[in-house]
Amino acid sequence: MDIAFLFPFILLIGVMFLMTRSAKNRQREALAMRDSMQPGSGVRTIGGLYAEVKEVREDTVLVEIAPGVHTVFTKNAIAAVLDAEEYARIISGEDAYADGEEPVVPDDASSLTEGGEKRIGLDKNDAEDRDRTESRDARDDDGENGTAKS
C-alpha cells in the first residue's frame, strides 16, 4: 500500500484522538470542580442562578437561593464554584471594579481619531453630487455592459 493513501486516515484518527482527549480533560476538570463544593460555598448554576451550598449529597446539592428558600440541584447543573469573595461581591451587587478602575469603552470611534489628526469628512456635498451626475450624463453608455456606443 502507498503511504499517501493511508496519510489522510492516519491524520483523521490523530485529530479525533486529540479532540476526545481535550473533551475528557474538560470533563475531569468539571468533576473536580463539582467535588470541591462544600457547605457554605457559593455556586452558579448552568441557568445563571447564584446560590449558597447547604448540603452536598452523592448526586445532588441542596442550595439556598434566598434566605430560608432551599432547593435541590443535580451536581451536573452546577456551572461554577465561586470563591467566597467573588460570591459576596455578586450577591451584594458591588461593582467588579474599584473606584475609577473601570475600563472606558467609547460608544463611537471618536476616541480613535483624537490627538490633532485631520478628520476625514464622509458627508456628501451637493456640488460633488452634481459633478458626478453631469459626468455620468456626458458619457454615452448603452447601459448594458458599461461600454460606450460608437
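Structural notes, computed from the coordinates. (Residues numbered from 1 in each chain as written. Predicted model: local features only at pLDDT ≥ 70, side-chain atom pairs only at ≥ 80, totals over all residues. Heavy atoms only, no water.)

1. Digging into the overall build of the protein chain
When helices and strands are counted, the protein chain shows three helices and five strands. When its helices and strands are written in sequence order, the protein chain yields α-β-β-β-β-β-α-α. Across the 150 residues of the protein chain, 12% fall into the buried class. Excluding contacts between residues fewer than 6 apart, the proportion of contacts in the protein chain whose partners are at least 24 apart in sequence is 35%. (Helix = DSSP H or I, 4+ residues; strand = E, 2+ residues; numbered from the N terminus. Buried < 20%, exposed > 50% of the residue type's maximum accessible area, 1.4 Å probe, protein only. Contact = heavy atoms within 4.5 Å.)

2. Quick notes on the nonpolar core
Among the nonpolar cores identified, the biggest contains seven residues, and these are Met37, Val43, Ala51, Val53, Val61, Val63 and Ile78. Elements with a contribution of two residues or more to this core: strand S2 (50-56) and strand S3 (60-66). Dropping the residues within four chain positions of it, Ile78 is found in contact with Met33, Arg34, Met37, Val43, Arg44 and Thr45. (Core = buried A, V, L, I, M, F, W, Y, C linked by side-chain atoms within 4.5 Å.)

3. Here's the deal with the packing of aromatic side chains
A complete count under the given rule lists one aromatic pair for this structure. For the pair Phe5 and Phe9, a centre-to-centre distance of 5.9 Å together with 65° between the ring planes defines the contact as edge-to-face. With Phe5 and Phe9 both in helix H1 (residues 3-35), this residue pair falls four residues apart, about one helical turn. (Phe/Tyr/Trp six-rings, centres within 6.5 Å; stacked < 30°, edge-to-face > 60°.)

4. Focus on the sheet that holds S2
Taking strand neighbours across the sheet as the criterion, the five strands line up as S4-S3-S2-S1-S5 in an open arrangement whose pairing is antiparallel. The open sheet is flanked by strand S4 (69-74) and strand S5 (78-82), the only strands paired with a single partner. Ignoring which end each strand starts from, the neighbouring axes of this sheet average 40° apart. Across six bridges, S3 lies against S4 in antiparallel orientation. By the bridge assignment, Ala66 is partnered in S4 with Val69. Contacts from helix H2 (residues 84-92) reach strand S1 (42-45), S2 and S5, with the element oriented near 130° to S2. (Pairing = 2+ DSSP bridges. Axes fitted to C-alpha atoms, helices over the stretch in contact; angles between N-to-C directions.)

5. Here's the deal with the pattern of salt bridges
The tally for this structure, following the rule as stated, stands at three salt bridges. In this structure, the salt-bridge partner of Glu64 is Lys54, at a minimum N-O distance of 3.3 Å. Taken together, the residues span a long stretch of sequence, with Glu64 in strand S3 and Lys54 in strand S2 at a distance of 10 residues. A relative accessible area of 17% means that Glu64 is categorised as buried. Close ionic contact of Arg57 with Glu55 constitutes a salt bridge, the shortest N to O distance being 3.1 Å. (Salt bridge = Lys/Arg side-chain N within 4 Å of Asp/Glu carboxyl O.)

The analysis is restricted to geometry; functional conclusions fall outside its scope.
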